Each structure stands twice: as structure tokens, then as C-alpha cells.
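Fold and geometry: a report
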Amino acid sequence: MLAEVILLAVVAAGWLAGRWLLNRYRRKSRPGSHGDDEAEAGSERLTDTIAFVGGAYGILLGLLLVFAVGHFVDARQVSKDEAATAAALFAAVDPFPVTVRDTLRHDLLCYMSSAATDDWAAMRAGDLTGSENTGAYASRVQKEIAALPQDKDVEASNHYFVTEEILDLAKDRQLRLLHAVPEIPPVIWLVLYVSAFLFMGLTVFHLGQRGWLTRLAVAATTLLLMAIIGALIQLDAPYVGIGTSLRPVALDAAMERLRDANPTPASLWAPCKRLAAEEAG
């Protein structure tokens, strides 16, 4: 919302600057000449400049849109990877004794549930540390994996794969948290606003006294810029966007599939306790 308000202010400033330049140009016209006609003729010479500024601005916006879409797609993919890794870890502990296996699986499911709720709320707030509760469950699962027995050959050989999965799960979670932070730097936003100011001012000056045409051009340009800037903001913040906000679809789907495939024992699906309170602010 703030970016759109700034853009509207920049557009208004560009309009006023263009009108001011046009009035000064008319006043400085030669005595006895038709000031408006000369201003109109002079403004025609700005065509190349406007084409350059508009072209450069369009290229910049296009590149930023590609960059923002890439950021959005990466955030969506890493959430899918995390869900797939958690499901693989659930299956990988199957060879271990039921006494330790079911406890580990329950805590893993609690981690997935907390990641889909608590961690998602933390990402919306831009918290790079994530949820304390999710982190506590991740730590518990890792400790339980380290304590898994390796007396049998199948347990010893499978322990390597289980350890690899938990490391991948930790990496996927960290990447997911990092994608919550917008990646377009403030200096790029400054360039966007300066370019919008210049383009709007030159357009108003170029159109001169064509009142209705000027208003139409400014309105159309403003609408397009608002749409593009709004898309950039939404895509660059993939967890807080309106209409584009990523949701824990992959984690929810993975838990639903695991529940469908493993309805028993009931202890797997027992309610999860909160292991840590969330830090305020």
C-alpha cells in the first residue's frame, strides 16, 4: 500500500512539473509569436527523449517482474521440497522399532503442523528465525533421530538416509524462511520512482495544451504503473501478498496423504503439545 501511495505522489509531482515547464516555455517564447504554437512545436522535439526514458523504464519494469516472479516460484518450490522431504523422512524410519518409530513420527507430524501454522505466521511477519514452537519440534525430531538404534544391519544402513533427510528438512525450512524477505533493494525502488517522475513530467510537457488527451494519457499510464508496481510488491513478498500469498498447501497435502495411508496407530495423530512460546515482537 505504501508503495502505491508513493507512486501516486510521484505521478502527481510529475504532472505538476510538466505543467510548470510548459508554462515557463510559453512565457519565454519570442514576443509577437504564437506562444502556444511554439510550445507545441518545441514539445515535439522531446519525442526521442520520451522514447528513451519510456523504453528504459519499460525494460527495467520487465526485468524486475521476471526477477520477482522467479523469487515467488523459488519460494513455492522450496515449500514443496520441504513437504516432500518430511514425507520421505516419515517413510524412512519404517525399519526401526515401533516403540521409537511412532514417537518420532508423531513429533515429525507435529513439526509439519506447526510449520504450516506457526512458521507461516512468522514468515508473514518477516521473522527470519521462524516460530519457536516449530524450531523446538525440529530440534526434538533431530535428537530422536540421533538416538535411533543401530544394532541391526538394516537399522545401521537406514540411519544414514534418515540423517540425510533431517538435514535436508532443516535446509528446506531455512530457505523457506529466507524467501519471506523481499529481495528488490530500496535503491531500485528509488530508480523506479525517479523514472516515473521523469516520464510523467516529459509526457505532460510533450502533450502541451491537449487537455483531454493529456488527462487520458496520464490516467492510462498511472493505471498501468499501479498494476505493475502492485504486482512487483505482491510477488516479492510471496507470503503476505493479496491474491498471490503462498499457503502451506504442500505441507497440508502431505499430512493428509500420510493420514490416509497411516490411520493407525491413533497415537500418531494425537494432539500436539506446544513446546515453546512465541516471542513477542
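Residues numbered from 1 in each chain as written. Predicted model: local features only at pLDDT ≥ 70, side-chain atom pairs only at ≥ 80, totals over all residues. Heavy atoms only, no water.

Let's talk about the overall build of the protein
Per the secondary structure count, the protein includes 9 helices and 0 strands. Helices and strands in the protein line up, N terminus first, as α-α-α-α-α-α-α-α-α. Of all 281 residues assigned to the protein, the portion counted as buried reaches 41%. Within the protein, residue pairs in contact and separated by at least 24 positions form 79% of the contacts whose partners lie at least 6 positions apart. (Helix = DSSP H or I, 4+ residues; strand = E, 2+ residues; numbered from the N terminus. Buried < 20%, exposed > 50% of the residue type's maximum accessible area, 1.4 Å probe, protein only. Contact = heavy atoms within 4.5 Å.)

Remarks on the pattern of salt bridges
Taken as a whole, this structure holds 9 salt bridges when the rule is applied. Put simply, R140 and D107 hold a salt bridge, and the shortest N to O gap is 3.6 Å. A residue pair is termed long-range when its members are at least 10 positions apart, and R140 in helix α5 (residues 132-146) and D107 in helix α4 (residues 98-124) qualify at 33 residues. With relative accessibility at 36%, the residue R140 sits in the partly exposed group. Given a relative accessible area of 3%, D107 falls into the buried group. The partner of E278 in a salt bridge is R274, and the shortest N-O contact between them spans 2.9 Å. You can call E278 partly exposed: its relative accessible area is 37%. Taken together, the shared-partner salt bridges in this structure form one network comprising E82, D119, R173 and R176. (Salt bridge = Lys/Arg side-chain N within 4 Å of Asp/Glu carboxyl O.)

A word on the environment of S139
For S139, the position within the fold is in helix α5. Along the primary structure S139 and A170 are separated by 31 residues, whereas in three dimensions their C-alpha atoms are 9.5 Å apart.

Quick notes on a nonpolar patch on the surface
Residues L128, L175, L178 and V181 make up a contiguous nonpolar surface patch of about 290 Å² in total accessible area. Note on placement: V181 falls in the loop between α6 (153-178) and α7 (186-207). (Patch = residues over 30% accessible without salt bridge, like charges linked within 9 Å, V, L, I, M, F, W, Y side chains within 5 Å. Areas by Shrake-Rupley, 256 points an atom, 1.4 Å probe, with all protein chains shown as cover.)

Re the nonpolar core
Grouped together as the largest cluster of nonpolar side chains are 57 residues, with contacts concentrated most on L89, L108, M112 and L232. Contributing elements (two or more residues each) for this core: α1 (2-27), α3 (47-92), α4, α5, α6, α7, α8 (211-236) and α9 (249-261). Sort the elements by how many residues they give to this core and α3 lands first, with 11 residues. Non-local contacts of L108, meaning those with residues more than four positions away in its chain, are made with A86, L89, F90, V141 and L169. (Core = buried A, V, L, I, M, F, W, Y, C linked by side-chain atoms within 4.5 Å.)

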